[in-house]
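Descriptive structure summary
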Amino acid sequence: MSKPSDLVQGTLDMLILKILALEPLNGWAVGQRLKQISGGMLQVSDGSLYPALHKLEQQGWIRAEWKSSVNNRRAKFYSLTRIGRKQLEKESASWNSLSAAISGIVNLKEAST
Amino acid sequence: MSIQQWFYALPLRLRSLFRRKQADQDLKDELRDHLELEIAQNLSRGMSPEDSRSSAVRDLGGVTQIEERCREARGVSSIQDFFQDLRYGVRQLRRSPGFSVLAILCLTLGIGANATVFSWVEGLLLRPYPLVAHQERLVALTGTTPDSENPETSWPDLLEIQRSCTLIDSVIASKITGATLSIGDHADVTTGSIVSANYFDAIGVRPMLGRGFQPGEDSGRNAHPIAVISYRLWKDRFNGDPEIIGKTQRFSNVVFTIVGVAPEGFFGTFVGRAMNFWVPASMEEAFEGGGYKLDDRGARWVEGYVRLKPGVTRQQAQQEISTVASRLEAVYPATNRGHGLQLWPLWETPFNHASTLRPTLEIMVAVAAFVFLIACANVSNLLLVRSFARRQEMTVRLAIGAGRGRLLKQLLTEGLLLSTFGAAGGMLVAYWCRHALALLLTLYLPGEMDSRVLALSAGVCLIATLLVGLVPAFQARHVDLASALRAESTGVVGARGAAWLRSSLVVLQVCLSFVLLVGAGLLIKSLHEVRTASPGFSTSKVLDTSAPLVAAGYDAPRAKVFQDQLMDRVRSLPGVESAGYGRVTPLGYIPFSETPIAVDGYIPSPGEQPTVEYNQVSPAYFPTLGIAITSGREFTRDDDENAPLVAIVNRTMAARYWRGKDPVGQRLQVKGKWAQVVGVAADSKYESMSESPRPFFYVPLRQDFDREPELYIRTAQPPQTIVAALTREVRALDANLALYETITLQEQVDRSTSTQLVAVTLVGILGGLALLLASVGLYGLMSYAVSQSTRELGLRMALGAGVFNVLRMVISRGLTLTAAGILAGIATAFALTRLLGGYLYHVNPRDPLAFGSGLAVMMITAVAACLLPAWRAARTDPARALRD
């Protein structure tokens, strides 16, 4: 149950928001999706996932509902709220500019000495 | 968080706060679902059922931790923690009731003292007038003169302020007066106010029956004989008559129509007295005599208040009013030259008791703060002792993962619990004590417990929480896991590393109590000096009374006849040695007359206008009051209005203006007329016991007549006997007359020093409390030290230390702390008692006697506080102490 220390704090939030922007999912499925999409690059333990989901819910960005799932069982589904969507746009934009800046720096040609 | 976010989050938060079980159950379900889904997936990948489960559980991690972190994410855990701490704190308090009661008692005293004093300050100085609206914008208005005497202003000047000042809402006149009120066959004297017609509207008080005054009712000579009466007068004297409006009532021989009854709880606008009736200014003459003054700019009799417009400061209004005053000086030089106008904050109002009460209250504020600090130090110390006892508990909690922040919260919560109980107790104390000052001062003071007193107490309570909660928390910082595992009871008296904190708290207590003791000592000595100093006249055998002739409508000729007849009757009463009249009683509230003087051969220095106060007295005044005539003669019946003007000067005046020559036979100019000095009287006290000798002179009452002088009777008879006889004689002369209060001159002197007495009493009581608290603190510290070091004591005794050695060891440790506290106290007192200088009479603020007795009392108390622990130490059984 290692903490996602290699994930910048807040990045996990953004990833969860992005995943939920595609479709409402339950907690387990969010975890699965994270692993799938990142191809195992991002190791997010299930232990950190739930507190993160609850925090997002508290901030009003996602909403939880108990719904029947495919196999006719009740499960807690998370979906994005309207302000959650705005938050995602904001975070994506700032992530894009940040990553562009960083990759710009990383790709600088080193002066030959 | 934005409002939109709250829209989503608030229901969730409320749910997790109030439907916590449901929320927790949902969380459990969610995690269970997760496990089931994970297991199902693992199974589908071909894992064995056992492996599927254990792998899923391993991946998820500790369910309890996740639940805890999810709860934290809900953001209400701190509130839940708080309630948990609160429950735990209550349990802790109930577990050690002795400690809890002691701690709460200490805080009750500390907070109660502050709440009481503040309710006095609030009720007397800041917002002294119940039911009056916006008192924060009310300021007192007086006139000023070059010599700062007679601070009243005139009616035309008041109207001028009303007309030309733009920064003020309203100006009201409110002048205290008295009237004889006869209802049925019962007559007595009651106090009321002469007010402007806008009075009730301006202060926002609506009479509960009838009406207030209407514009214009404060003009015209005796034109509007109407009155509003107080609720209490209505209840007591009119039996709450619902048909009272429109009925008539005689006030001072003038028939008034009652137009209104003031609401319950409204006492007028005079600190120290409750008003019973209000009459418009047009009726001023009926109460005070001296002609119609509303058109006379030179007649200064008005006292009043100004209500500032919102946002206007007193300084701004003062500037505007000063401009008006200088314009008036320019336009009416005859009446207004040298006269200004001044605004005062309510707590400095010169014409009521606010200004005399203020110094006492200032001392009390400081003293209450001291008591509060001592109480907090005490409770901190108690909590510290307990935190040692709870070391084990703290260690365990830290070991199983409680954060230090969480422990700090716990300790603060316990502190809050104690101080809340203390504050509740303190409010009760304040509630019971708010009238105590009024009783002590024999003044009327509406003590009020309003929201501001509550707010202050809450603030004090918060400070107490921090003070008493943080000290043990500071200590808890040092709890370290390893050392706490060792069992420990190997202390040595006074040698524990952590004991310095507790010791310094005791030193602080001793220091503060010592300062209070010295302060109390200084005030007691000063009071003793004042009360034993001779006022220069006899006090014990002389009675003082008067009859309200002005209010009863006597003009000067009738008053003269009445006075002569009464004097003849009084002189013939059995047991009366002598009797005389005087216009003003020394050491009272009424000011003496004052006049510029001139003396042959005395050339004033440039800019000096010699002005001297004087009194109008009858024959036999001097022997009756026991003031010696050291040269010349006293006044006789022949010194009347038809005889040449004469005067008697006092010795200080003779020395200053005649340079030691005998002034008898010389001339003195009084109010522009020459009088011959016929005698020299001994000096006495005139306005206050603490004044230094000052020039003063006397003129015959008949040559500067006053209709309502005081009557002095020298007699060995008890006052009641004389009062009964006197009342009979007065009634025989005029059946409608009642006497004002009869007191001995000793009472007069005592009253003039009553605020000092109250200050001494209160500082004494609080000083005693502080001493008690400090000794409890010392006792607690020493008991604890002894209980922690039984092994050491046992060892010493086994090695041959006698009972006396052990006693000495414990007591000397206590006395070392006391000595340190006293040293700090002496330094503090040296710095602080200077501030008392203004309150002290003939006492040096560094008076060695006060410091010495403070030292003695503190030392004796310290020895007493250490004796019991020392005795317990000496009875340690060495065998048992070493075995355990």
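Residues numbered from 1 in each chain as written. Chains lettered and ligands numbered in written order. Predicted model: local features only at pLDDT ≥ 70, side-chain atom pairs only at ≥ 80, totals over all residues.

1. Focus on the interface of chain A and chain B
Listed by partner, the interface residues are 20 residues for chain A and 23 residues for chain B. Within the residue set of the side of chain A that touches chain B, elements represented by two or more residues are helix H2 (27-38), helix H3 (46-58) and strand S3 (74-80) of chain A. Sorting elements by how many residues they give to the side of chain A that touches chain B places H3 of chain A first, with eight residues. (Contact = placed C-beta atoms within 7 Å. Helix = DSSP H or I, 4+ residues; strand = E, 2+ residues; numbered from the N terminus.)

2. Here we look at the environment of Arg-300 of chain B
Residue and element names in this part refer to chain B. With respect to the helices and strands, Arg-300 occurs in strand S10 (residues 300-302). Note on Arg-300: 20 C-beta atoms within 10 Å, which makes it buried. Each C-alpha atom, one on Arg-300 and one on Thr-142, is 9.8 Å from the other, the two residues being 158 residues apart in sequence. (Buried ≥ 20, exposed ≤ 12 C-beta atoms within 10 Å, placed from the backbone.)

3. As for the confidence of the model for chain A
Here chain A averages 79 in pLDDT, while 80% of its residues score no lower than 70. Note on residues 1-6 of chain A: pLDDT under 50 across the span, and nine contacts to partners over four residues away in sequence or across chains. (pLDDT = per-residue confidence, 0-100.)

4. Considerations on the nonpolar core
Residues and elements named next belong to chain B. With 168 residues, the main nonpolar core has Ala-227, Val-371 and Ala-770 as its most contacted residues. Residues lining this core come from more than one domain, with at least three contributed by each of domain 2 (146-338) and domain 3 (356-531 + 754-883). Once residues lying within four places of it in the same chain are set aside, the contact partners of Ala-227 are Phe-251, Phe-256, Ile-258, Val-259, Phe-277, Trp-278 and Val-279. Tyr-614, Tyr-686, Tyr-698 and Leu-745 belong to the second-largest nonpolar core, a separate cluster that totals 57 residues. (Core = buried A, V, L, I, M, F, W, Y, C linked by C-beta atoms within 7 Å. Domains from an automatic or database assignment.)

5. Thoughts on the sheet that holds strand S2 (residues 62-68) of chain A
All names here are of chain A. Read across the open sheet, the three strands follow the order S1-S3-S2; overall the sheet is antiparallel. Either end of the sheet is taken by a strand with one partner, and the two such strands are strand S1 (25-26) and S2. In this structure, S2 lies alongside S3, joined through seven bridges in antiparallel fashion. Bridge pairing in S3 places Glu-65 opposite Phe-77. (Pairing = 2+ DSSP bridges.)

6. A short note on the pairing of strand S13 (residues 542-545) of chain B
When S13 of chain B meets strand S22 (residues 710-715) of chain B, the two strands line up antiparallel, connected through four bridges. Residue Thr-545 of chain B lies in a different strand from S22 of chain B, and its bridge partner there is Leu-711 of chain B.

7. With respect to the packing of helix H1 (residues 11-22) of chain A against helix H4 (residues 82-106) of chain A
Residues and elements named next belong to chain A. Close contact between H1 and H4 brings their axes to 10 Å; oriented N to C, the two are set at 125°. Between H1 and H4, the angle is such that the two are oblique. Seen along the crossing, H1 lies across H4 with a hand that is left-handed. Within the contact between the two elements, H1 uses Met-14, Leu-17, Lys-18 and Ala-21 and H4 uses Gly-84, Arg-85, Gln-87, Leu-88, Glu-91, Ser-92 and Trp-95. Here the residues of the contact of H1 with H4 sort into five nonpolar, three polar and three charged. (Axes fitted to C-alpha atoms, helices over the stretch in contact; angles between N-to-C directions. Parallel < 35°, antiparallel > 145°, perpendicular 65-115°, else oblique. Left-handed = near helix turned anticlockwise from the far one by under 90°. Nonpolar A, V, L, I, M, F, W, Y, C, P; charged D, E, K, R; others polar.)

8. Focus on the environment of Glu-729 of chain B
If you trace the backbone, Glu-729 of chain B turns up in helix H23 (residues 719-733). Separated by 162 residues in sequence, Glu-729 of chain B and Met-567 of chain B place their C-alpha atoms 10.0 Å apart.

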